[in-house]
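# Structure at a glance
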Amino acid sequence: MNKSTELKRMIQSPTTDYIMEAHNGLSAKIAEEAGFKGIWASGLSIAASMGVRDNNEASWTQVLDVLEFMSDATTIPILLDGDTGYGNFNNARRLLRKLEQRQIAGVCIEDKLFPKTNSFIKGEAQPLAPIDEFCGKIKAMKDAQDNSDFVVVARAEAFIAGHGLDEMLKRAEAYRQSGADAILAHSKKSDIGEIEAFMKEWSNRLPVVVVPTKYYMTPKNRYRELGINMVIWANHNLRASVKAMQKTSRKLFKEESLIQIENKVTPLEEIFRLQNAEELQLAEEKYLTAV
Ligand code: SPV
Ligand code: MG
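Just so it is clear, the model here is predicted, and its values are computed rather than measured.

## A word on the pattern of salt bridges
- Applying the stated rule across the entire model yields 24 salt bridges.
- Of the charged contacts, one joins glutamate 110 and arginine 155 as a salt bridge, the two residues approaching to 3.4 Å between their closest N and O atoms. Of this pair, glutamate 110 sits in strand E4 (residues 106-110) while arginine 155 sits in strand E5 (residues 151-156), placing them 45 residues apart in sequence. With respect to burial, glutamate 110 and arginine 155 carry one shared label: buried.
- One salt bridge in this structure joins arginine 205 and glutamate 173, with 2.8 Å as the shortest N-O distance. With arginine 205 in the loop between helix H8 (193-202) and strand E7 (208-210) and glutamate 173 in helix H7 (residues 165-177), this residue pair connects regions lying 32 residues apart in the sequence.
- A relative accessible area of 33% means that arginine 205 is categorised as partly exposed.

Okay, here's the thing in structure tokens:
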């Protein structure tokens, strides 16, 4: 089964599936080895790992290069956080074609304006895209895809921008009618209330994806009870690694010795294993002529 078909089945199945954030080849491989069946290529995490802001400071081709490494390092489907599609319908459909060429399974686009800002930074000050314009973008993307199972998720930011349930439902319905495969309903509230209200009124018209970063206290059964199809753990590999790196850097700077460090970091052998160094050794035995 190709990766788009896998992702589509996951999103369409009535069970709740969980996908994990990754931002480079290594973190993508770690997510797969942990057991996840899909990866969220987070815009925030990819930007942060490059040392830039989540404001489209990294170009779309730079993001594409990262995705190529992530795709090569894994076998599970990757859903790209495609922000606003990097421009209008034409930029978005060109992005989609380039993603398909790299076996990326799907892309999520959000109804904001390019260059976007992270939803958790002054969300209410962020203008939303006009509904018609965003619908045209979704249609252009669906028309452009080669693989009929390539997944286009439409992310509705009405709650983030401070609007109510009516605006959220109006947008989600328009995006459904334009051919989106799923709706990502985003909320920055510390409880799942907005999403609950949306799920009740939406009543399964199209699969729903959520990102519970801010309502992290939600008990695990709640997603399933609400009929949510996919949950994204959106930035937790990035945040885990930043904490570990800050701790190690600070300790080494202070101690000027490796004695207290060596057994607290990943053994080199594990890094070599993650890189599949052994395969190259075997290949060298096979292909390199002895001198
Ligand atoms: C991301 O991971 O970049 C997202 C999700 O877009 S969020 O940061 O929650 O908006
Ligand atoms: Mg993002």
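Don't stop here, the text continues.
## Quick notes on helix H5 (residues 89-101)
- The first and last C-alpha atoms of H5 sit 19 Å apart over 13 residues, in line with the 18 Å expected at 1.5 Å per residue.
- Residues Ala92, Leu95, Leu96, Lys98, Leu99 and Glu100 constitute the buried set of H5.
- In this structure, the buried residues of H5 make contact with helix H4 (60-72), strand E3 (78-81), E4, helix H6 (131-144) and E5.
- Of the residues that open H5, the one with a side-chain oxygen 2.9 Å from the backbone nitrogen of asparagine 90 is asparagine 88.
- Immediately beyond the C-terminal end of H5, within one or two residues, lies glutamine 103, with a positive phi of roughly 60 degrees.

## Overview of the packing of aromatic side chains
- Applying the stated rule across the entire model yields four aromatic pairs.
- Taking 5.3 Å as the distance between ring centres and 20 degrees as the angle between the ring planes, the aromatic pair formed by phenylalanine 198 and tryptophan 202 counts as stacked. Of this pair, phenylalanine 198 and tryptophan 202 both sit in helix H8, four residues apart, which is roughly one turn of that helix.
- Assessed through its relative accessible area of 0%, phenylalanine 198 is described here as buried.
- Seen in terms of ring centroids, tyrosine 223 and tryptophan 233 are 6.3 Å apart; in terms of plane orientation they differ by 75 degrees. Their pairing is edge-to-face. Taken together, the residues tyrosine 223 in helix H9 (residues 221-225) and tryptophan 233 in strand E8 (residues 230-233) connect sequence positions 10 residues apart.

## Description of the environment of methionine 141
- By the secondary structure assignment, methionine 141 is in helix H6.
- Residues methionine 141 and glutamate 262 lie 121 residues apart in sequence; the distance between their C-alpha atoms is 49 Å.
- Methionine 141 has contacts with Ala92, Arg93, Leu96, Val107, Ile109 and Val152, leaving out every residue within four places of it along the chain.

## Re the pairing of E8
- As paired elements, strand E1 (residues 17-22) and E8 share four bridges and run parallel to each other. Of the residues in E8, the one forming a bridge with isoleucine 19 is isoleucine 232.
- Two elements, E7 and E8, share two bridges in a ladder whose sense is parallel. Within E8, the residue paired with valine 210 across the bridge is valine 231.

## Examining a nonpolar patch on the surface
- A cluster of nonpolar side chains, contributed by Leu268, Ile271 and Phe272, occupies part of the molecular surface with about 270 Å² of accessible area.
- Under the relative-accessibility criterion, phenylalanine 272 is labelled partly exposed at 40%.

Conventions we followed
Residues numbered from 1 in each chain as written. Chains lettered and ligands numbered in written order. Predicted model: local features only at pLDDT ≥ 70, side-chain atom pairs only at ≥ 80, totals over all residues. Heavy atoms only, no water. Salt bridge = Lys/Arg side-chain N within 4 Å of Asp/Glu carboxyl O. Helix = DSSP H or I, 4+ residues; strand = E, 2+ residues; numbered from the N terminus. Buried < 20%, exposed > 50% of the residue type's maximum accessible area, 1.4 Å probe, protein only. Expected span 1.5 Å × (residues − 1). Contact = heavy atoms within 4.5 Å. Polar contact = N/O pair within 3.5 Å; in protein donor to acceptor, adjacent residues only side chain to side chain. Phe/Tyr/Trp six-rings, centres within 6.5 Å; stacked < 30°, edge-to-face > 60°. Pairing = 2+ DSSP bridges. Patch = residues over 30% accessible without salt bridge, like charges linked within 9 Å, V, L, I, M, F, W, Y side chains within 5 Å. Areas by Shrake-Rupley, 256 points an atom, 1.4 Å probe, with all protein chains shown as cover.

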